[in-house]
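Descriptive analysis of the structure
Residue strings, one per chain:
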Amino acid sequence: MFPAVIRSIWPASARLAIRQPLGHFRLHMDPDVSRPIERAIRTKLTDTLRPDHLEVHNESHMHAVPPGSESHFRVLVVSSQFEGLPLIQRHRLVNETLKDELKSYVHALAIQAKTPQQWATNPTLAKSPPCMGGSRGDNTVEEKQKAGRE
């Protein structure tokens with residue numbers, strides 16, 4: 001009922017403006033519409049960095065956020081585009097690729113950026129440390145989660 005009320009009250013342009021932040025999502029390997037942020041991260045990293053191996057882990061459940069949140073992620077990106085780049089530049093490439101998600105929905109992003117050679121010698125993903133409750137005092141987390149659900 002509530003969506004019908006919104007459709008009748010708000011003009012179409014206002015409804016589109018609300019949905020616009022999610023408008024850039026495309027289906028990619030994981031058609032689960034219940035995880036649009038995770039899907040966007042996977043799609044953007046794949047399109048931009050053409051990884052040999054990519055893992056995207058939603059670690060929100062390990063933090064002080066509501067169930068089903070998409071606010072804390074760990075990514076492992078193995079790409080030949082990282083060849084010859086120091087770690088800081090690799091992280092900058094990933095952060096630049098995901099700048100819209102980092103500005104709006106994602107509170108925390110842990111990055112492992114490896115070359116194919118590094119991956120061949122050490123094909124592991126580092127474990128995340130336990131949550132220290134850092135997002136409890138951050139009021140932007142709730143705003144980002146709300147924006148991700150709209």
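Conventions we followed
Residues numbered from 1 in each chain as written. Predicted model: local features only at pLDDT ≥ 70, side-chain atom pairs only at ≥ 80, totals over all residues. Heavy atoms only, no water. UniProt positions renumbered as here; feature names shortened; annotations may be inferred. Buried < 20%, exposed > 50% of the residue type's maximum accessible area, 1.4 Å probe, protein only. Helix = DSSP H or I, 4+ residues; strand = E, 2+ residues; numbered from the N terminus. Pairing = 2+ DSSP bridges. Axes fitted to C-alpha atoms, helices over the stretch in contact; angles between N-to-C directions. Contact = heavy atoms within 4.5 Å. Core = buried A, V, L, I, M, F, W, Y, C linked by side-chain atoms within 4.5 Å.

An unreviewed UniProt entry annotates the protein as BolA-like protein 1 originating from Cynoglossus semilaevis. Here the protein is described in UniProt, under the heading Sequence similarities (unreviewed entry), as follows: "Belongs to the BolA/IbaG family." The annotation that UniProt attaches to the protein under Function (unreviewed entry) is "Acts as a mitochondrial iron-sulfur (Fe-S) cluster assembly factor that facilitates (Fe-S) cluster insertion into a subset of mitochondrial proteins. Probably acts together with the monothiol glutaredoxin GLRX5. May protect cells against oxidative stress."

Residues in a regular strand project their side chains so that they alternate between the two faces of the sheet. Counting buried positions along strand S3 (residues 108-114) yields five of seven residues, so the element is predominantly enclosed. Sheet topology note: the strand S2 (residues 72-78)/S3 ladder contains seven bridges and is parallel. Residue pairing across strands places phenylalanine 73 opposite leucine 109, the latter belonging to S3.

Our focus in this paragraph is the sheet that holds S3. Strand order in the open sheet made by the three strands is S1-S2-S3, with mixed pairing throughout. For this open sheet the edge positions go to strand S1 (53-58) and S3, each flanked by a neighbour on one side alone. Taken pair by pair, the neighbouring strands of this sheet meet at an average axis angle of 10°, ignoring direction. Strands in contact with helix H4 (residues 87-97) are S2 and S3; relative to S3, the strand with the most contacts, it is inclined by about 125°.

Grouped together as the largest cluster of nonpolar side chains are 17 residues, with contacts concentrated most on Ile41, Leu45, Phe73, Val75, Val77, Val94 and Leu109. Residue assignment for this core shows that the elements contributing at least two residues are helix H3 (36-49), S1, S2 and S3. Ranked by residues supplied to this core, first place goes to H3 with four residues. Excluding anything up to four places from it in sequence, leucine 45 contacts Arg50, Pro51, Leu54, Val75, Val77, Val94, Thr97 and Leu98.

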